Amino acid sequence: MIGSPPTVQLRSLNVGALERLTAERPLKSGIRKHSVQGPVLCDAEGLVGDAIGNRTHHGGPDQALYLYSAADYAWWTTELGRECGPGLFGENLTLDAWWPAPRVGDRVQFGEVLLELTAPRIPCNTLATRMGDPQFVRRFARAVRPGAYVRVLQTGVLEAGMTGTVTRGKAEWPSIDALFRLWHETPRDKAGLMAAIGAPIESRMRARFLGWVADRG
């Protein structure tokens, strides 16, 4: 007997404006997200009204939205000894929890909006600055709780409290956590990289993996 598909709850919608994170940092970032009430339009580039500072490395159709979970924030609250909650890591959508082993190609339907997982979040110095911890990139990498980027396959309106229905991608496509480990581990697992390249992963990650397979970087 086939069970019901997994479901998730959208706990919070989060948007941010471009702002300097510190007086010493001239570049502006949109990583400081704040929960918003009411419906928000979601188009192919993400939530309307949300700001992205560095479009070379962030944003675009394959990174239209960043998703994180309240369950992972509960873990971080214990780990860091401080309250961690929606928007802290710069995610647009805070879910209640992840379904088991989310993978690239998994899709989530919130009303008319259809999202597809494309890649894990790779930590950078902007996140470390946001957290006020120069070592946070390493801590985030060790934790293997990256959250996931998605592309928007069907646009529409999102609102906190919505329930999403999950459709799993192909079983041979890598999990989000497996991709995260592939990015960080050395020596490079070329078989794993090739398997990832064959999945619908985010375009910048695919380019990097292709370079590693060819020993160009």
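What you see is a predicted model, and the numbers here were worked out from it, not measured in a lab.

1. Things to note about helix α3 (residues 136-143)
Next, step 1: Residues of α3 that are buried: Phe 136, Phe 140 and Ala 143. Along the axis of α3, the buried positions cluster into a sector of 65 degrees, meaning they face one direction only. Along α3, the residues that are exposed and aim more than 90 degrees away from the buried face are Arg 138 and Arg 142.
Next, step 2: Its buried side turned inward, α3 meets β7 (65-69), α1 (70-80), α2 (125-131) and α4 (176-184).
Next, step 3: Looking at the residues trailing α3, positive phi occurs at Val 144, about 50 degrees.

2. Structural notes on the nonpolar core
Next, step 1: Of all hydrophobic cores here, the largest spans 57 residues; its most connected members are Phe 89, Leu 93 and Phe 209.
Next, step 2: Tallying contributions element by element places α4 first for this core, with five residues.
Next, step 3: Residues contacting Phe 209, with those up to four places away along its chain left out, are Leu 179, Leu 182, Trp 183, Leu 193, Ala 196, Ile 197 and Ile 201.

3. Regarding the pattern of salt bridges
Next, step 1: Under the definition given, this model contains 12 salt bridges.
Next, step 2: Close ionic contact of Arg 107 with Glu 116 constitutes a salt bridge, the shortest N to O distance being 2.9 Å.
Next, step 3: Overall, the relative accessible area of 34% leaves Arg 107 in the partly exposed class.
Next, step 4: Take Glu 116: its relative accessible area is 7%, and that puts it in the buried class.
Next, step 5: Each member of the salt-bridge network shares a partner with another, and the members are Asp 62, Arg 107, Glu 116 and Arg 151.

4. Here's the deal with the packing of α1 against α3
Next, step 1: In contact at an axis separation of 13 Å, α1 and α3 are set at 125 degrees when each is read in the N-to-C sense. Here α1 lies oblique to α3, going by the angle between them. The way α1 lies across α3 gives a crossing that is right-handed. Of the residues in α3, those in contact with Trp 75, Trp 76, Glu 79 and Leu 80 of α1 are Phe 136, Arg 139, Phe 140 and Ala 143.

5. Details of the sheet that holds strand β12 (residues 156-158)
Pairing between the strands of a sheet is mediated by backbone hydrogen bonds and can be parallel or antiparallel.
Next, step 1: Taken in spatial order, the three strands make up an open sheet running β6-β5-β12, and their pairing is antiparallel. Looking along the sheet, the strands with just one partner apiece sit at the ends: β6 (46-47) and β12.
Next, step 2: Bridge analysis of strand β5 (residues 40-43) against β12 gives three bridges, and the strand direction is antiparallel. From the neighbouring strand, Leu 41 faces β12, where its bridge partner is Val 157.

6. Section: the packing of aromatic side chains
Next, step 1: Following the criterion strictly, the structure yields 17 aromatic pairs and no others.
Next, step 2: For the ring pair Phe 136 and Phe 140, a centre distance of 6.2 Å and an interplane angle of 50 degrees mean the geometry is tilted. Placement of both Phe 136 and Phe 140 in helix α3 is noted, with a separation of four residues, approximately one turn of the helix. Both residues of the pair, Phe 136 and Phe 140, belong to the buried class.
Next, step 3: Connected via pairs of aromatic rings, a cluster forms that spans Tyr 66, Tyr 68, Tyr 73, Trp 75, Trp 76, Phe 89, Phe 136, Phe 140, Tyr 149 and Phe 180.
Next, step 4: For Arg 121, the ring lying beneath its charged end belongs to Phe 140, and the centroid distance is 5.8 Å.

7. As for the side chain of Thr 94
Next, step 1: Position of Thr 94 among the secondary structure elements: in strand β8 (residues 93-95).
Next, step 2: Leave out the neighbours within four places in its chain, and Thr 94 touches Gln 9, Leu 10, Arg 11, Ser 12, Asn 14, Tyr 68, Ser 69, Ala 70, Tyr 73, Pro 86 and Gly 87.

8. Points about the pairing of β5
Next, step 1: The alternating pattern of β5 places Val 40 and Cys 42 on a buried face, while none of Leu 41 and Asp 43, on the opposite face, is buried.
Next, step 2: One ladder, built from two bridges, connects β5 with β6; its direction is antiparallel. The partner of Cys 42 across the bridge, within β6, is Leu 47.

Criteria and cut-off values
- Residues numbered from 1 in each chain as written.
- Predicted model: local features only at pLDDT ≥ 70, side-chain atom pairs only at ≥ 80, totals over all residues.
- Heavy atoms only, no water.
- Buried < 20%, exposed > 50% of the residue type's maximum accessible area, 1.4 Å probe, protein only.
- Helix = DSSP H or I, 4+ residues; strand = E, 2+ residues; numbered from the N terminus.
- Arc of directions from axis to C-beta.
- Contact = heavy atoms within 4.5 Å.
- Core = buried A, V, L, I, M, F, W, Y, C linked by side-chain atoms within 4.5 Å.
- Salt bridge = Lys/Arg side-chain N within 4 Å of Asp/Glu carboxyl O.
- Axes fitted to C-alpha atoms, helices over the stretch in contact; angles between N-to-C directions.
- Parallel < 35°, antiparallel > 145°, perpendicular 65-115°, else oblique.
- Left-handed = near helix turned anticlockwise from the far one by under 90°.
- Pairing = 2+ DSSP bridges.
- Phe/Tyr/Trp six-rings, centres within 6.5 Å; stacked < 30°, edge-to-face > 60°.
- Lys NZ or Arg CZ within 6 Å of the ring centre and 35° of its normal.

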